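A closer look at the structure
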Amino acid sequence: MVAYNPKEWFTFIFKFHKADTFRTLFPLMIAIGIYSGIVGYLEVEVWQLTEKSYIKNITIMHGMLGFVISLLLAYRINSAYDRWWEGRKLWGSLVNNSRNLAIKLSVILTDENDRKFFRKLIPSYASILNKHLKGEEIAKELFDDISLEPHHNHKPNQVAKIMFHKVNDLYNSKKITGDQLIILNAEVQSFTDICGACERIKNTPIPYSYSAFIKKFIFFYVMTLPFGYAFSLGYYVVPVVVFIFYVLASLELISEEIEDPFGTDENDLPTKKIAENIKKHVEELL
């Protein structure tokens, strides 16, 4: 995720970072600029349309549809941001639940081997969940004495199973009481709940029809702009249409990027760093 100071206005205006939409849209902006110039040339120089031409009134359509497209884009980016923020809250819960489990185990457990086991395994869940959501390769060997089953694809479930298996062994060996087993079970279960919620965001994109409609709407809206505004702007219609396209398309691009917060884009959540912080905190507690 991009780290920045929100109070530095001039940095935002004049600095182009990797995720800036201008870089992505630049080829399309050039093409639309050329298209707008051709339309303006045909209307002004070739066809020599007068101010009384009905084509001039096409701007009435743009005025009416401008409000509609602004509502659609506002809803689009808000829904994408809601997904991004929900993902951040889930990983915040994972941090807190990892700390809570480590705090309780640090008090309950007296055997150093048991403490060492959870000192390694609790941070491993966050690290493996990060790779699982990104679709990265996960090593089969967690530690020297713990390995994952190769024929199972869902690695976070395996780690949670190993963790609960250890908790159950502690109960069977009389190292923890039944009440403590219930408390620790709730903490381990919360890990799986967080994983499921993250997978829901990851595997449920914005409906295709809605996303496709917005893209088509933006395209046809921008492509008809030069016909109406060439009368009043002349060749200045080129930068105006290009700028309008940049604003509208940028909102759609930003929405596409943040609706999946667990990827590797510049504005995605820093889940790897969060997992590293969990490791540091758990090691301090245990």
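Each remark here, short or long, concerns the structure printed above.
Since the structure is predicted, the reported quantities are computational estimates derived from the model, not experimental observations.

Comments concerning the overall build of the protein chain
Regarding its fold elements, the protein chain presents nine helices and zero strands. Secondary structure elements of the protein chain, listed N to C terminal, follow the sequence α-α-α-α-α-α-α-α-α. Burial statistics for the protein chain: of 286 residues in total, 40% are counted as buried. Within the protein chain, contacts between residues separated by at least 24 positions form 77% of all contacts whose residues are at least 6 apart in sequence.

Some thoughts on helix H6 (residues 178-203)
For H6, which comprises 26 residues, the first-to-last C-alpha distance of 37 Å matches the rise-based estimate of 38 Å (1.5 Å per residue) to within 8%. Looking at H6, one finds that the buried residues are Leu181, Leu184, Glu187, Val188, Ser190, Phe191, Ile194, Cys195, Ala197, Cys198, Glu199 and Ile201. Tucked inside the fold, the buried residues of H6 contact helix H3 (58-108), helix H4 (112-134) and helix H5 (155-172).

Observations regarding helix H9 (residues 271-285)
Its 15 residues place the ends of H9 21 Å apart at the C-alpha level, agreeing with the 21 Å of an ideal helix rising 1.5 Å per residue. Each element contacted by the buried residues of H9 is listed here: H3 and H4.

Notes on a nonpolar patch on the surface
A cluster of nonpolar residues, Phe26, Ile30, Ile34 and Ile38, forms a patch on the protein surface that exposes about 370 Å² of accessible area. Relative to the helices and strands, isoleucine 30 is located in helix H2 (residues 21-46). Residue class for isoleucine 30 comes out partly exposed when judged on its relative accessible area of 42%.

Remarks on the side chain of glutamate 252
The residue glutamate 252 is located in helix H8 (residues 237-258) in this model. Among the residues examined, glutamate 252 registers a relative accessible area of 4% and is labelled buried. For glutamate 252, the side chain forms a polar contact with the side chain of arginine 76, separated by 3.2 Å.

Some details on the nonpolar core
Within the largest apolar cluster, 44 residues are counted, with the highest numbers of intra-cluster contacts made by Trp91, Leu94, Phe118, Ile122, Tyr125 and Met163. Where this core is concerned, the elements lending two or more residues are H3, H4, H5, H6 and H9. With 10 residues, H3 is the largest single contributor of residues to this core. When residues no more than four places from it in sequence are discounted, the contact partners of tyrosine 125 are Leu94, Pro156, Val159, Ala160, Met163, Phe191, Thr192 and Cys195. Ranked by size, the runner-up nonpolar core spans 18 residues in total, among them Ile69, Phe217, Leu225 and Val241.

Focus: the packing of H3 against H4
One way to put it is that H3 packs onto H4 with a least axis distance of 10 Å and a crossing angle of 170°. In terms of their interaxial angle, H3 and H4 are classed as roughly antiparallel. Listed contacts from H4 to Trp91, Leu94, Ser98, Leu101, Ala102, Leu105 and Ser106 of H3 are Arg115, Phe118, Ile122, Tyr125, Ala126, Leu129, Asn130 and Leu133. Grouping the constituent residues of the contact of H3 with H4 by class yields 11 nonpolar, three polar and one charged.

Reading guide: rules and limits
Residues numbered from 1 in each chain as written. Predicted model: local features only at pLDDT ≥ 70, side-chain atom pairs only at ≥ 80, totals over all residues. Heavy atoms only, no water. Helix = DSSP H or I, 4+ residues; strand = E, 2+ residues; numbered from the N terminus. Buried < 20%, exposed > 50% of the residue type's maximum accessible area, 1.4 Å probe, protein only. Contact = heavy atoms within 4.5 Å. Expected span 1.5 Å × (residues − 1). Patch = residues over 30% accessible without salt bridge, like charges linked within 9 Å, V, L, I, M, F, W, Y side chains within 5 Å. Areas by Shrake-Rupley, 256 points an atom, 1.4 Å probe, with all protein chains shown as cover. Salt bridge = Lys/Arg side-chain N within 4 Å of Asp/Glu carboxyl O. Polar contact = N/O pair within 3.5 Å; in protein donor to acceptor, adjacent residues only side chain to side chain. Core = buried A, V, L, I, M, F, W, Y, C linked by side-chain atoms within 4.5 Å. Axes fitted to C-alpha atoms, helices over the stretch in contact; angles between N-to-C directions. Parallel < 35°, antiparallel > 145°, perpendicular 65-115°, else oblique. Nonpolar A, V, L, I, M, F, W, Y, C, P; charged D, E, K, R; others polar.

Bear in mind that shape data such as this cannot, by itself, settle questions of function.
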